[in-house]
Amino acid sequence: MKLFVHNFMSSRFLKNVTVGYPLELVVKQFVEKDIEFDRENTIVMLNKIQYEALVVAAAAVNQADRIPAEQPGKWEDLSDDQLKQFHHILMNIDVVDGELICPETKTVFPIRDGIPNMLKVDGEK
């Protein structure tokens, strides 16, 4: 599961959950893949994400030092080298094994082989 995907996931579908975002990310294993950098595509992605959730996800894979703690002003004003750091975190890091945890109910959703299982089992919260 790419960290870009994590940024859009929520557990709002669970009973009694009002926000369900951001999901806590517990990473047991991740791999880094080399996905070709595209400046314009990276800027489009950055304009769609919640920055605070990205910073938390980056910390979960020990990559928080690659990006600033506070969101930069205009993405278009960043250099290619700066944008490549964001691209790396969003697209090159793939969580293979871990968990997503609802911030409200603490329901755990496993990530296995890079696929998050968001199915709710009967009898769960």
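Predicted, not measured: the structure shown is a model, and the values here were computed from it.

Draft legend 1. Highlighting the overall build of the protein. Looking only at helices and strands, one finds four helices and four strands in the protein. At 15 Å, the protein has a C-alpha radius of gyration in line with the 14 Å of a compact globule built from 125 residues. C-alpha extents for the protein along the principal axes are approximately 50 × 30 × 20 Å. Within the span of the protein, comprising 125 residues, buried residues form 41% of the whole. By sequence separation, contacts in the protein at least 24 residues apart represent 67% of the contacts at least 6 residues apart. A total accessible area of about 7,100 Å² is found for the protein, and carbon and sulfur atoms account for 50% of it. For the protein, the separation between the mean place of its 14 positive charges and that of its 20 negative charges on side chains is 7 Å.

Draft legend 2. Highlighting the packing of aromatic side chains. Summed over all chains, the structure comprises five aromatic pairs. On the basis of an interplanar angle of 70° and a centroid distance of 5.1 Å, the ring pair of F4 and F8 is categorised as edge-to-face. When the centroid spacing of 5.9 Å and the interplanar angle of 55° are considered together, the rings of F13 and F109 count as tilted. Here F109 lies in strand β3 (residues 108-112) and F13 lies in the loop between α1 (3-6) and β1 (24-32), a separation of 96 residues in the sequence. Members of the aromatic cluster, connected to one another through ring pairs, are Y51, W75 and F86.

Draft legend 3. Focus on the environment of N16. Checked against the element boundaries, N16 lands in the loop between α1 and β1. Between the C-alpha atom of N16 and that of A64, which follows or precedes it by 48 residues, the distance is 32 Å.

Rules used in this analysis
- Residues numbered from 1 in each chain as written.
- Predicted model: local features only at pLDDT ≥ 70, side-chain atom pairs only at ≥ 80, totals over all residues.
- Heavy atoms only, no water.
- Helix = DSSP H or I, 4+ residues; strand = E, 2+ residues; numbered from the N terminus.
- Rg over C-alpha atoms; globule rule 2.2 N^0.38 Å.
- Buried < 20%, exposed > 50% of the residue type's maximum accessible area, 1.4 Å probe, protein only.
- Contact = heavy atoms within 4.5 Å.
- Areas by Shrake-Rupley, 256 points an atom, 1.4 Å probe, with all protein chains shown as cover.
- Lys, Arg positive; Asp, Glu negative; His and termini not counted.
- Charge placed at Lys NZ, Arg CZ, Asp CG, Glu CD.
- Phe/Tyr/Trp six-rings, centres within 6.5 Å; stacked < 30°, edge-to-face > 60°.

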